[in-house]
Amino acid sequence: MRQIPNILTLCNLFCGALAIICVLHAPEYRADFNGTDYTIISPEPVYWASALVVLAAIFDFFDGLAARLLRVQSPMGKELDSLADVVTFGVVPGMILYRLLRSAYFQQPDVFDVSVVNLAPALLVPCFAAYRLAKFNIDARQSENFIGVPTPAVGLLVASFPLIMLYNPYHLAKYLQNIWVLYGIIAALCYLMVAEIPMLSLKVKEKSLKANWTRLLLVVLTLAAIPFLNYATVPFIFLCYVLLSLFFPPKITVNV
């Protein structure tokens, strides 16, 4: 029984590793440019990786819940959870953004002059995710709510991008083919993960409506948005989450 939370955490890590394989095994095709053949990685989004990130997020939710219900919380479990999260919600989003950036540069007339330096900013996401997770593990203020956006929220947001590219709700896909939009998203996510901003946690510790109205509002907005926004619901809810935390900052307490 003591190992059930750790097994769930390892399932999270397994999904993250499998998502990386999906990104790496993206299909390729041959294209002719001015009489010369080139092998090009298909810009089609890696939506299987997105599905695996969602599945990993479910495991990530239930490993902590299982640890609390079974009363087997431990420093090892906390460290293992962070190690899994840095892969699933750090490395995988970084690779997805790398693919999206590369696809966006394929739309440019000077595509073959693009350096890896132009694509490297996508890898800042796993770097900042690792920094945030290390900070979280030693920050006694984050026992109830968060300071900075949690990495699973970032992972789920980025995981929605390939699905938005695939289904193109409200013609949003064109924005994810704009290199400056992608650079802006990368910069914003890196900042939000490490910013000293109190952020709402979805953990329910009090049963009163007054203590949980922001959480309830997020659930209502999610259910209301899904029929209209489709996969664009994820960026919408992410934005609502950040704005609610900014305008109605949760109480931060020190766990002693």
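Residues numbered from 1 in each chain as written. Predicted model: local features only at pLDDT ≥ 70, side-chain atom pairs only at ≥ 80, totals over all residues. Heavy atoms only, no water.

Trainee: Mind showing me how you'd approach the environment of Pro 198 here?
Mentor: By secondary structure assignment, the location of Pro 198 is in strand 4 (residues 198-199). The spacing of Pro 198 and Asn 145 is 53 residues in sequence and 7.2 Å in space, taken between C-alpha atoms. Residues within four places of Pro 198 in sequence aside, it is in contact with Phe 146, Ile 147, Ser 245, Pro 249, Pro 250 and Ile 252. (Helix = DSSP H or I, 4+ residues; strand = E, 2+ residues; numbered from the N terminus. Contact = heavy atoms within 4.5 Å.)

Trainee: Whenever I open this one, the packing of helix 3 (residues 75-105) against helix 6 (residues 151-167) confuses me. Can you help?
Mentor: Each packed pair of helices is defined by two parameters, the angle between the axes and the distance between the axes. Between helix 3 and helix 6, the least distance of the axes is 9 Å, while the angle of their chain directions is 35 degrees. In this structure, the crossing between helix 3 and helix 6 has a hand that is left-handed. Together, Asp 85, Phe 89, Pro 93, Ile 96, Leu 97 and Leu 100 of helix 3 and Thr 151, Pro 152, Gly 155, Val 158, Ala 159, Phe 161, Pro 162 and Met 165 of helix 6 make up the contact between the two elements. Here the contact of helix 3 with helix 6 is built from residues that sort into 11 nonpolar, two polar and one charged. (Axes fitted to C-alpha atoms, helices over the stretch in contact; angles between N-to-C directions. Left-handed = near helix turned anticlockwise from the far one by under 90°. Nonpolar A, V, L, I, M, F, W, Y, C, P; charged D, E, K, R; others polar.)

Trainee: Explain the confidence of the model for the chain to me, please; I cannot follow it from the model alone.
Mentor: Atom-level detail of predicted coordinates should not be read off regions where pLDDT is low. The predicted model of the chain averages 86 in pLDDT, with 88% of residues at 70 or higher. Averaged over each element, pLDDT in the chain is lowest for strand 2 (residues 36-41) (46) and highest for helix 7 (residues 179-194) (97). Contacts of residues 36-41 to residues separated by more than four positions or lying in other chains number 25 contacts, the stretch itself having pLDDT below 50. (pLDDT = per-residue confidence, 0-100.)

Trainee: What exactly am I supposed to notice about unusual backbone geometry here?
Mentor: A negative phi holds for most residues other than glycine; trans holds for most peptide bonds. Within the chain, Arg 71 stands out as a residue other than glycine whose phi angle is a positive 55 degrees. Residue position: Arg 71 is located in the loop between helix 2 (47-70) and helix 3. For Arg 71, a relative accessible area of 75% gives the class exposed. Even without a glycine there, the phi angle at Tyr 170 is positive, about 55 degrees. You can see Tyr 170 is positioned in the loop between helix 6 and helix 7. (Buried < 20%, exposed > 50% of the residue type's maximum accessible area, 1.4 Å probe, protein only.)

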